[in-house]
Amino acid sequence: MARQTAEDLRRLDESKLDHEINEAYRALFTLRFQHASRQLQNYRELRNAKRKIARLRTLKRERQIEAILGEE
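Residues numbered from 1 in each chain as written. Predicted model: local features only at pLDDT ≥ 70, side-chain atom pairs only at ≥ 80, totals over all residues. Heavy atoms only, no water.

Would you mind showing me how to read helix α2 (residues 14-36) here?
In this model, α2 (23 residues) spans 33 Å end to end at C-alpha, consistent with the 33 Å of a helix rising 1.5 Å per residue. Buried within α2 are the following residues: L17, I21, A24, L28 and L31. Here the buried face of α2 lies against α3 (44-71). Following α2 by one or two positions, R38 has its phi on the positive side, about 60°. (Helix = DSSP H or I, 4+ residues; strand = E, 2+ residues; numbered from the N terminus. Expected span 1.5 Å × (residues − 1). Buried < 20%, exposed > 50% of the residue type's maximum accessible area, 1.4 Å probe, protein only. Contact = heavy atoms within 4.5 Å.)

I tried to follow α3 on my own but got confused; where do I start?
Along an α-helix, a turn takes 3.6 residues, which lines up residues three or four apart on a common side. Across its 28 residues, α3 extends 41 Å between first and last C-alpha, which sits within 8% of the 40 Å expected from 1.5 Å per residue. Those residues of α3 that sit buried are L46, A49, K52, I53, L56 and L59. Looking at the packing, one finds that the buried side of α3 touches α1 (6-10) and α2.

This is how it looks when you write it as structure tokens:
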């Protein structure tokens, strides 16, 4: 999984950002399943997946706030 910078993520349009969020949730689900079945080798991947989701959701929320403030 290639690490993306905040600048790379900010360049994504809405549909690609939504797609990235969905993919991150799927990856987290897979990691949780591997953890439960004791197949996960690197436990740090769980933490990294959660952080990626938080980063992506923060960007999405920032865009929502900008849209609301832009209307006023």
